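In case you want the letters, here they are:
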Amino acid sequence: MASTAAEGGRRRRGPGMTEVARAAGVSQKTVSRVVNGEPHVSPEVRDRVLRVIRELDYRPNNAARALLLGRYRRIGVVSLGTALYGPSALLSALERAMQRAGYSFALAGTLEGQRVSVAVEALLEQGVDGIVLSEPIDDGTPLRLSADVPVVSLGEGVELTEGVGAVVGADGVAAARMATEHLLALGHRTVWHLPGPQDWFAARDRLRGWREALAAAGAPEPPLPTAGDWTPASGYAAGRQLAQLSDVTAVFAGNDDMAIGALRAFAEAGLSVPGDVSVVGYDDIPAAPYLSPPLTTVRQDFTAVADHAVDTLIAMIEGTSRPDRHAALAVELAVRSSTAPRP
């Protein structure tokens with residue numbers, strides 16, 4: 001019983017290169033040459049070593065795994081590397097989805113202005129079977145990449161000079177239309193928008209959806225305040241601008257943090273939410289139901305986006321099906337107490 005408990009308390013060490021060499025009747029140097037794909041090994045010896053490696057389930061490193069299975073069982077992710085709720089929640093959901101599918105997770109960040117192409121190249125050098133682009137920012141030019149593995153982009157499309165790709169993400173344009181239409185349906189003459197930074201795909205989609213909803217309803221389009229940076233401070237600054245205007249009765253903020261800043265600005269100006277001004281956010285952060293008042297917001301299902309992206313990528317990696325090359329997942333509006341009919 002003691003030995004069983006000890007084995008249960010620690011992972012049993014797998015076979016090493018010495019065991020493989022002994023079973024195959026070759027030197028450790030020969031085993032190393034085989035698993036690293038080096039020359040100067042006869043086909044007969046190579047086949048014998050690979051057979052023993054399979055029998056012993058020897059997995060020394062990713063090079064050996066790729067040699068034996070034809071794949072690394074690893075997916076790379078390119079991400080901005082930010083603590084903002086949306087990108088970080090999506091990153092965590094991607095890692096969980098990959099682990100459930102039996103793939104490991106490799107991350108390359110684009111913090112400090114690093115180009116996406118550089119991050120992709122770093123992942124390819126590590127050895128990955130596919131890449132997820134969770135990079136929310138662009139420089140205004142089409143993204144062109146060369147990758148010999150499948151690529152899934154969460155947001156904007158990517159031009160691949162080689163390889164195959166797909167786009168998966170929440171429908172931000174439809175979500176912004178939904179938020180704006182909710183406020184118009186409450187009788188507000190128009191809806192003001194607190195936009196996020198326009199080098200983000202998401203901010204541009206939300207701006208577009210807001211404009212489409214106003215145009216469809218024949219509502220006037222108010223001027224935009226200074227674009228925010230997703231933080232409560234930027235929402236507060238924009239909210240102070242709007243609080244000085246007498247005709248502002250409904251506001252759609254680019255995300256929940258900016259909405260929180262606007263709530264503070266309106267409270268300081270003596271405006272009641274939703275008595276004087278209705279406010280809608282975006283993301284449904286964990287704190288949204290507990291604000292005063294609880295925040296009406298667009299709820300994104302980051303787990304659903306991540307699961308669909310990983311399923312799509314693995315289907316392309318393994319060739320098991322022909323996935324949809326462009327999937328826009330639905331979102332929903334969580335209606336709470338921060339919105340009410342026009343006063």
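Scope of this entry: the structure provided in the associated data block. Treat the numbers as computed from the prediction; the structure is a model and nothing was measured.

Side note on the sheet that holds strand 3 (residues 130-134)
Line of reasoning, step 1. Strand order in this open sheet of six strands is 2-1-3-5-7-12, and the pairing throughout is parallel. Since the sheet does not close on itself, it has two edges, and those belong to strand 2 (104-109) and strand 12 (326-329), each with one partner. Adjacent strand axes in the sheet meet at a mean angle of 20°, parallel and antiparallel pairs treated alike.
Line of reasoning, step 2. Strands in contact with helix 7 (residues 116-126) are strand 1 (74-79), strand 2 and strand 3; relative to strand 1, the strand with the most contacts, it is inclined by about 160°.

Considerations on the environment of glycine 218
Line of reasoning, step 1. You can see glycine 218 is positioned in the loop between helix 9 (201-217) and helix 10 (232-243).
Line of reasoning, step 2. With 28 residues separating them in the primary sequence, glycine 218 and threonine 190 have C-alpha atoms 9.2 Å apart.

Quick notes on the environment of aspartate 205
Line of reasoning, step 1. As for its placement among the helices and strands, aspartate 205 is situated in helix 9.
Line of reasoning, step 2. Residue classification places aspartate 205 among the partly exposed residues on the basis of a relative accessible area of 23%.
Line of reasoning, step 3. Residues aspartate 205 and alanine 174, 31 residues apart in the sequence, show an inter-C-alpha distance of 8.6 Å.
Line of reasoning, step 4. Among all residues touching aspartate 205, those that are not within four sequence positions of it are Gly172, Val173 and Ala176.

What about the pattern of salt bridges?
Line of reasoning, step 1. Under the definition given, this model contains eleven salt bridges.
Line of reasoning, step 2. The partner of arginine 73 in a salt bridge is glutamate 318, with the nearest N and O atoms 3.3 Å apart. One end of the pair, arginine 73, is in the loop between helix 5 (62-69) and strand 1; the other, glutamate 318, is in helix 12 (residues 302-318), with 245 residues separating them in the sequence.
Line of reasoning, step 3. Overall, the relative accessible area of 22% leaves arginine 73 in the partly exposed class.
Line of reasoning, step 4. Notably, a salt bridge pairs glutamate 221 with arginine 211, separated by 3.0 Å at the nearest N-O pair. Residue glutamate 221 is located in the loop between helix 9 and helix 10, and its partner arginine 211 is located in helix 9; the two are separated by ten residues in the primary sequence.
Line of reasoning, step 5. Because the salt bridges share partners, they merge into one network encompassing Asp284, Arg299, Glu332 and Arg336.

So, the sheet that holds strand 9 (residues 250-253)
Line of reasoning, step 1. Pairing within the open sheet is mixed, and its five strands lie in the order 8-9-10-11-13. Each edge of the sheet is formed by a strand with only one pairing partner; in this case those strands are strand 8 (192-194) and strand 13 (332-334). Going from strand to strand, the sheet's axes swing by 25° on average, the running direction of each strand aside.
Line of reasoning, step 2. Of the pairings in the sheet, the one linking strand 8 to strand 9 comprises three bridges and is parallel in character. The residue of strand 9 that forms the bridge with histidine 193 is phenylalanine 252.
Line of reasoning, step 3. Contacting strand 8, strand 9, strand 10 (278-283) and strand 11 (296-299), helix 11 (residues 256-268) crosses the sheet at an angle of about 155° to strand 10.

What counts, and where the lines are drawn
- Residues numbered from 1 in each chain as written.
- Predicted model: local features only at pLDDT ≥ 70, side-chain atom pairs only at ≥ 80, totals over all residues.
- Heavy atoms only, no water.
- Pairing = 2+ DSSP bridges.
- Helix = DSSP H or I, 4+ residues; strand = E, 2+ residues; numbered from the N terminus.
- Axes fitted to C-alpha atoms, helices over the stretch in contact; angles between N-to-C directions.
- Contact = heavy atoms within 4.5 Å.
- Buried < 20%, exposed > 50% of the residue type's maximum accessible area, 1.4 Å probe, protein only.
- Salt bridge = Lys/Arg side-chain N within 4 Å of Asp/Glu carboxyl O.

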